[in-house]
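Structural description and commentary
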Amino acid sequence: MTIEYKQAYNDTLNAGSNTLYTAPAGTLAQIRAATAHNPTASPIALAVSVGGNQFVKKTLAADATLILSELLNHQVNAAQTVTATGEGLNIILSIAEVV
């Protein structure tokens, strides 16, 4: 068994649902860090789900940055996804995979 640390996502969210991470088959993952930043001049609503269950629902003010502490240390099982909505937000997601 080994642990691999990965930056799973570091990009700007598009319209609709964005897949931030999918745990590969035979892999157990843990969310180690997640941060959102709103670089726009308007508030943006953010929702994040793990395995189809929503864990984050917040509105980020203009030019605000938020550590998504609700996600930290949660497990992502094989084939489960981490998804987010919030067009225009910058998101960074770090994962530890146990393989």
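Everything that follows concerns the structure shown earlier in this document.
Throughout what follows, the structure given in this document is the object of discussion.

We now examine the pairing of strand E9 (residues 90–98). Each regular strand displays side chains that alternate between the two surfaces of the sheet. In terms of strand pairing, strand E1 (residues 3–12) meets E9 through nine bridges, oriented antiparallel. Its bridge partner being in E9, Tyr5 is matched across the sheet by Ala96. Of the pairings in the sheet, the one linking strand E3 (residues 28–37) to E9 comprises nine bridges and is antiparallel in character. Bridging across to E9, Ala36 finds its partner in Ile91.

This brings us to the pattern of salt bridges. For side chains bearing opposite charge, pairing can occur when the charged atoms are close. Under the criterion given, the structure shown has three salt bridges. Between Glu97 and Lys6 there is a salt bridge, with the nearest N and O atoms lying 2.9 Å from each other. Of this pair, Glu97 sits in strand E9 while Lys6 sits in strand E1, and the two are 91 residues apart along the sequence. For Glu97, a relative accessible area of 3% corresponds to the buried category. Residue classification places Lys6 among the partly exposed positions, given a relative accessible area of 36%. Salt-bridge contacts for Lys58 lead to Glu70; the nearest nitrogen and oxygen are separated by 2.8 Å.

This part is about the sheet that holds strand E4 (residues 44–50). The strands that make up a sheet are held in pairs by hydrogen bonds between backbone atoms, and each pair lies either parallel or antiparallel. Within the open sheet, the four strands sit side by side as E2-E8-E4-E5. Their pairing is antiparallel. Looking along the sheet, the strands with just one partner apiece sit at the ends: strand E2 (18–22) and strand E5 (53–60). The average angle at which neighbouring strand axes cross in this sheet is 15°, direction not considered.

How each quantity is defined
- Residues numbered from 1 in each chain as written.
- Predicted model: local features only at pLDDT ≥ 70, side-chain atom pairs only at ≥ 80, totals over all residues.
- Heavy atoms only, no water.
- Pairing = 2+ DSSP bridges.
- Helix = DSSP H or I, 4+ residues; strand = E, 2+ residues; numbered from the N terminus.
- Salt bridge = Lys/Arg side-chain N within 4 Å of Asp/Glu carboxyl O.
- Buried < 20%, exposed > 50% of the residue type's maximum accessible area, 1.4 Å probe, protein only.
- Axes fitted to C-alpha atoms, helices over the stretch in contact; angles between N-to-C directions.

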